[in-house]
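Summary of structural features
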Amino acid sequence: MVWNYRRLYPIGGINYLHIAKPNINAPLHAQMAQSDYGRVLETGSLATADYFRLHLNMFNSVETITCFTKQIIDVSNLTCLYGLHEKYLNDLQSRFDEGLITDFYSYFREAWCLALFHDRFPNFRDEVRELLMMQGAPAITPQGALGAASLEEAVRAMVDEDIHVTKAQRQAMKAEYEKNNKEAVEKQLLKFISYNQYHLPMYARPGMV
């Protein structure tokens, strides 16, 4: 993971944080004009100094984080969010669209997200990725990705070749993934939570009830 951040303290006690990957310093409006820019989610405002901006890229992963606030910024924790898919963030997009998130500062201080900030969470993600790489490609794979040896290779082929995937194909692939991989991923997650239960006591585990 490659990222950088700038933290400034302007006059007036306002804290500023910007997390992003190193890139050419192009004007923001030029970046947002790109068809593959993605989506911006915002809470608060600059006027009230409680502004929080999340930029999700075209793959729905966190691309940039910008904060402008009088609050103390949790730099180390927010840095952990960079590069994560929004599904890791408790279905962030759907919750935001439903009006359930009005303040990202408080949202990312809730107990559900503490696992994301654990120092072993990147290792857990690597283990899940290796697990998925060991699984075969979906039987129902669009033309152009049929030679893929794994689920990851099939998805990469579809992205790299810009392969059109119909809604029916997406649903079929999702169903096959859940059938063949969901249980294995859930077991890996429970293993992670159980192993780190001393630091993550807020998560339910088998045998607690």
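Residues numbered from 1 in each chain as written. Predicted model: local features only at pLDDT ≥ 70, side-chain atom pairs only at ≥ 80, totals over all residues. Heavy atoms only, no water.

1. Regarding unusual backbone geometry
Trans is the common state for peptide bonds, and a negative phi is the common state for residues other than glycine. Despite not being glycine, N90 has its phi angle at roughly 65°, a positive value. Relative to the helices and strands, N90 is located in the loop between α2 (75-79) and α3 (92-97). (Helix = DSSP H or I, 4+ residues; strand = E, 2+ residues; numbered from the N terminus.)

2. So, the nonpolar core
One finds F52, L54, L78, L81, L92, F104 and F108 to be the most contacted residues of the largest nonpolar core, which totals 37 residues. Elements supplying a minimum of two residues to this core: β2 (15-20), β4 (50-56), β5 (62-69), α2, α3, α4 (104-107), α5 (121-134) and α7 (167-195). Tallying contributions element by element places α5 first for this core, with five residues. Beyond its immediate sequence surroundings of up to four residues, F108 is in contact with F52, L54, L78, L81, L89, L92, C113 and F117. (Core = buried A, V, L, I, M, F, W, Y, C linked by side-chain atoms within 4.5 Å. Buried < 20%, exposed > 50% of the residue type's maximum accessible area, 1.4 Å probe, protein only. Contact = heavy atoms within 4.5 Å.)

3. Thoughts on the environment of N60
Following the sequence through the fold, N60 ends up in the loop between β4 and β5. What N60 contacts, discounting residues up to four positions off in sequence, is L84, H85, E86 and Q93.

4. What about the packing of α5 against α7?
Axis separation between α5 and α7 bottoms out at 10 Å; the angle between their running directions is 155°. Looking at the two axes, α5 sits roughly antiparallel to α7. Helix-helix and strand crossings are classified by hand; for α5 and α7 the assignment is right-handed. Across from F121, F124, E127, V128, L131 and L132 in α5, the residues of α7 making contact are Y177, N181, A184, V185, Q188, L189 and F192. (Axes fitted to C-alpha atoms, helices over the stretch in contact; angles between N-to-C directions. Parallel < 35°, antiparallel > 145°, perpendicular 65-115°, else oblique. Left-handed = near helix turned anticlockwise from the far one by under 90°.)

5. Comments concerning α7
Of all bends in α7, the biggest is about 50°, found at N181. Among the residues making up α7, those that are buried are M173, E176, N181, V185, Q188, F192 and I193. (Bend = angle between axes of the 7 residues up to and from the residue.)

6. Notes on the pairing of strand β3 (residues 39-43)
Side chains on a regular strand alternate between the two faces of the sheet. Relative to β4, β3 runs antiparallel, the two sharing five bridges. When the bridges of β4 are listed, V40 appears paired with H55. As consecutive antiparallel partners, β3 and β4 are separated by six residues, and within that stretch G44 has a phi angle of approximately 70°, a positive value. (Pairing = 2+ DSSP bridges.)

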